[in-house]
2 protein chains.
Amino acid sequence: MPSETIQSARRPGRPAKQAASKDQRERLLDIALELFARQGVADTTLSAIARKAGMTPAMAHYYFKTREQLFDVLIDERIMPARTDIEAIFKEHAADPMRALTLFVERLVATHVRLPWFGALWIREMISDNDIFKQHMRKRFGAEQQAAKFDAVRRWQREGKLNPQIEPALLFVSLLGLTTLPMVAVRRWQGDPLVAHIDAQVIARHAVALLTQGVGPGLAGAQGI
Amino acid sequence: MPSETIQSARRPGRPAKQAASKDQRERLLDIALELFARQGVADTTLSAIARKAGMTPAMAHYYFKTREQLFDVLIDERIMPARTDIEAIFKEHAADPMRALTLFVERLVATHVRLPWFGALWIREMISDNDIFKQHMRKRFGAEQQAAKFDAVRRWQREGKLNPQIEPALLFVSLLGLTTLPMVAVRRWQGDPLVAHIDAQVIARHAVALLTQGVGPGLAGAQGI
DNA sequence: GAATTAATTAATGAGTTTATTAATATTGAG
DNA sequence: CTCAATATTAATAAACTCATTAATTAATTC
C-alpha cells in the first residue's frame, strides 16, 4: 500500500457497471433542465451541470461538446415531445373548443406537476429575445402550424362556439398566462403562508373559472355554478 | 507632429461639456434596462452595457461599481416608481373592482408602450428563482402589502362584486398573464405577418373582453356587447 | 488663476468558463 | 484472450468577465 497523497477518491477510467442506475447522459439532461428552468440558460454553465450531477466538466463535454448542443438535444428529446403532447388536444377536440380549452388547461397543469421544468422554460422562451431558444425553436415550430391554430380559433368563432371578441392570435398566450405563469410564479413563493394553499388544482380551477365564464359564446349561457 | 501609432480617437480626460446631451449615467441606466429586459440580467455584462452606450467598461464602474449596484439603482429610480404608479389604481377605485381591473389592464398596456423594458423585467422577476431580483425586490415589497391586496379581493367577493370562484392570490398574476406576457411575447414575433396586427390596443381589448365576461359577479349581467 | 472636484481612458490582475487533450480503466465483440 | 469501443478523470490553454487603478483632461470653486 504505497501511501501517496490522497488526492481523489476516483482515478480516470471507465467505471464498473452499476446496477441499473440511470445512465449518466440522461442524468445530465435531467439536471440541465432543472437548472435551465430555475436560472436560465445563460446563467448555467456546463460545469455547474456536471458538478451538480457529481461528474467532472469533461463528462458534459464528452456527451454534448457544448452547451448549445446540449440544449439542442434537450429540445429534441424532452421539450418538443412534451409540447406536441399538450397541443394535440386541439386536434382531438376540434369540434368542441370549450372542452378543448378546459382539457388544455388541465393538461398544462398536469404537465407542470410531472415535469417541473416545463413551464419556466416555455415562459423563458417566450420572453427571451436573442437567446438560443429563438433560433432552435423556430426550426421545429413552423409558421404553418401556427397559422392552422389561428384558423381553427377563427372557425370556432364563426360557428358561434367562441367569444368573437377574443383575438385568435392571443388565445394561446392567454392560456399560458393563466396557467403556466402562475404555476411558475408560485414556486417562488414557497414558504409564504399567504399562498401556501395554492397548488396545481387551485390554479387549474381558477383558470377554468376565468375562461369558461369569459370565453363562452353566449352571455347568459350559464353552464357553470 | 510626432506621428505615433494612431491607436485611439480619444485620450483620457474629462470631455468638454456637450450641448444638452443626456448625462452619461442616465444613458447607462437606459441601456441597462433595455438589455436586462431583452437578455436577462445574468447574460448582460457591465462591459456590454458600456460598449452599447459607446463608453468604456470603466465608465460603468465609475458610476455604479458593480452590476448588482447598478441593478439596485434601477430598481429604486426606474422600476419601483412605474410599479407603484400602476398598482395605485386599486386604491383609487377600491369601490368598483370591475372598473379598477379594466383600468389596470389599460395602464399596464400603456406602461409597456411608454417603457418597453417594463414587462419583460416583471415577468423575469416572477419566474427567476435565485436571481438578484428576489433579494432586492423583497426588501421593497413587503408581505403586508400583498396581504392587503388579497384581502381587498376577498372583500369584493363578499360584497358580490367579483366572481367568487376567482382565487384572490392568483388574480394579479392572471392579469399580468393576460396583458404583460402577450405584450412581451409579441415583440418577439416582429416580422411575422400572422401577428402584424397585434398591438397594445388589441391586447388590451382582448384582455378586457376575457376579464369583463369572466370576472363579473353575475352570470347574466350582460354589460358587454 | 490655483486648487479641488468630476469625468474619462488605458491597462491590468484575478477569477471563471469553455473547450480540449492525454491518460486510464472497463466492457463487449470476435 | 485480444482488441477496439466506451466511459471516465486530471490537467490545461485560451478567452472572457469583473473590478480596479493610475493617468489624464475639463469644469468649478474660492
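Residues numbered from 1 in each chain as written. Chains lettered and ligands numbered in written order. Predicted model: local features only at pLDDT ≥ 70, side-chain atom pairs only at ≥ 80, totals over all residues. Heavy atoms only, no water.

The name recorded for chain A in an unreviewed UniProt entry is TetR/AcrR family transcriptional regulator, from Dyella halodurans.

Peer 1: Can you tell me about the packing of helix α7 (residues 118–127) of chain A against helix α10 (residues 168–188) of chain A, naming the residues and giving the values?
Peer 2: All names here are of chain A. Packing of α7 against α10 brings their axes to within 9 Å, and their N-to-C directions diverge by 130 degrees. Classified by the interaxial angle, the pair formed by α7 and α10 is oblique. α10 is crossed by α7, and the crossing has left-handed handedness. Contacts between α7 and α10 involve Gly-119, Ala-120, Trp-122, Ile-123 and Met-126 from the former and Val-173, Leu-176, Thr-180, Leu-181 and Val-184 from the latter. Split into classes, the residues belonging to the contact of α7 with α10 amount to 8 nonpolar, 2 polar and no charged. (Axes fitted to C-alpha atoms, helices over the stretch in contact; angles between N-to-C directions. Helix = DSSP H or I, 4+ residues; strand = E, 2+ residues; numbered from the N terminus. Parallel < 35°, antiparallel > 145°, perpendicular 65-115°, else oblique. Left-handed = near helix turned anticlockwise from the far one by under 90°. Contact = heavy atoms within 4.5 Å. Nonpolar A, V, L, I, M, F, W, Y, C, P; charged D, E, K, R; others polar.)

Peer 1: A description of the relation of the copies chain A and chain B should follow, citing residues and the corresponding values.
Peer 2: Two copies of the chain are present, and they differ by a rotation about an axis and a shift along that axis. Note on the identical chains: chain A maps onto chain B by a rotation of 180 degrees and an axial translation of 0.0 Å, with an RMSD of 0.1 Å. Both copies are brought into coincidence by an operation consistent with a two-fold rotation axis. The residues that chain A uses at the interface reappear at the interface of chain B in 98% of cases, marking a shared surface. (Least-squares fit on C-alpha atoms with pLDDT ≥ 70 in both.)

Peer 1: Run through unusual backbone geometry, naming residues and quoting values.
Peer 2: Peptide bonds are, in most cases, trans, and in most cases residues other than glycine have a negative phi. Residues and elements named next belong to chain A. Despite not being glycine, Lys-65 shows a phi value in the positive range, around 65 degrees. With respect to the element layout, Lys-65 can be found in the loop between α3 (57–64) and α4 (67–87). Take Lys-65: its relative accessible area is 45%, and that puts it in the partly exposed class. (Buried < 20%, exposed > 50% of the residue type's maximum accessible area, 1.4 Å probe, protein only.)

Peer 1: Describe the packing of helix α9 (residues 143–158) of chain B against helix α10 (residues 168–188) of chain B, with residues and values.
Peer 2: Residues and elements named next belong to chain B. Between α9 and α10, the shortest axis-to-axis distance is 8 Å and the interhelical angle comes to 105 degrees. In this view, α9 runs roughly perpendicular relative to α10, as classed from their interaxial angle. Side by side, α9 and α10 meet where Lys-149, Phe-150, Val-153, Arg-154 and Gln-157 of the first sit next to Pro-168, Ala-169, Leu-171 and Phe-172 of the second. Split into classes, the residues belonging to the contact of α9 with α10 amount to 6 nonpolar, 1 polar and 2 charged.

Peer 1: Describe the interface of chain A and chain B, listing the residues and the values that go with them.
Peer 2: With 58 residues of chain A at the contact, the number on the chain B side is 57 residues. When the two sides are added together, the surface that chain A and chain B hide from each other amounts to roughly 5,400 Å², 63% of it contributed by carbon and sulfur. Summed over the shared surface of chain A and chain B, the number is 10 residue pairs in polar contact (both at pLDDT 80 or more). Residue assignment for the side of chain A that touches chain B shows that the elements contributing at least two residues are α1 (24–39), α7, α8 (132–140), α9 (143–158), α10 and α11 (200–215) of chain A. (Buried area = accessible area lost by both parts, 1.4 Å probe. Polar contact = N/O pair within 3.5 Å; in protein donor to acceptor, adjacent residues only side chain to side chain.)

Peer 1: Now, about α9(A): what can you tell me, with residues and values included?
Peer 2: Residue and element names in this part refer to chain A. Over its 16 residues, α9 extends 23 Å from the first C-alpha to the last, a length consistent with the 22 Å expected when each residue adds 1.5 Å. When α9 is considered as a whole, its buried residues turn out to be Phe-150, Ala-152, Val-153, Trp-156 and Gln-157. Looking straight down α9, one finds that the buried residues subtend no more than 150 degrees of arc, so they occupy a single side. Turned more than 90 degrees away from the buried face of α9 sit Glu-144 and Arg-158, all of them exposed. Here the buried face of α9 lies against α5 (89–92), α6 (97–114) and α10. Positive phi shows up at Gly-160, right after α9, with a value of about 75 degrees. (Expected span 1.5 Å × (residues − 1). Arc of directions from axis to C-beta.)

Peer 1: Tell me about the packing of aromatic side chains, and name the residues and values.
Peer 2: On inspection of all chains with the given rule, the structure shows 18 aromatic pairs over all chains. A centroid spacing of 6.3 Å and a plane angle of 90 degrees characterise the contact between A:Phe104 and A:Phe172, whose relative ring orientation is edge-to-face. With A:Phe104 in helix α6 and A:Phe172 in helix α10, the pair connects residues that are 68 residues apart, well separated along the chain. Like A:Phe104, the residue A:Phe172 is buried in the burial classification. One aromatic cluster is present, formed by A:Phe90, A:Phe104, A:Trp156 and A:Phe172 through successive ring pairs. Looking at B:Lys149, its charged tip hangs above the ring of B:Phe172, at a distance of 4.7 Å from the centre. (Phe/Tyr/Trp six-rings, centres within 6.5 Å; stacked < 30°, edge-to-face > 60°. Lys NZ or Arg CZ within 6 Å of the ring centre and 35° of its normal.)

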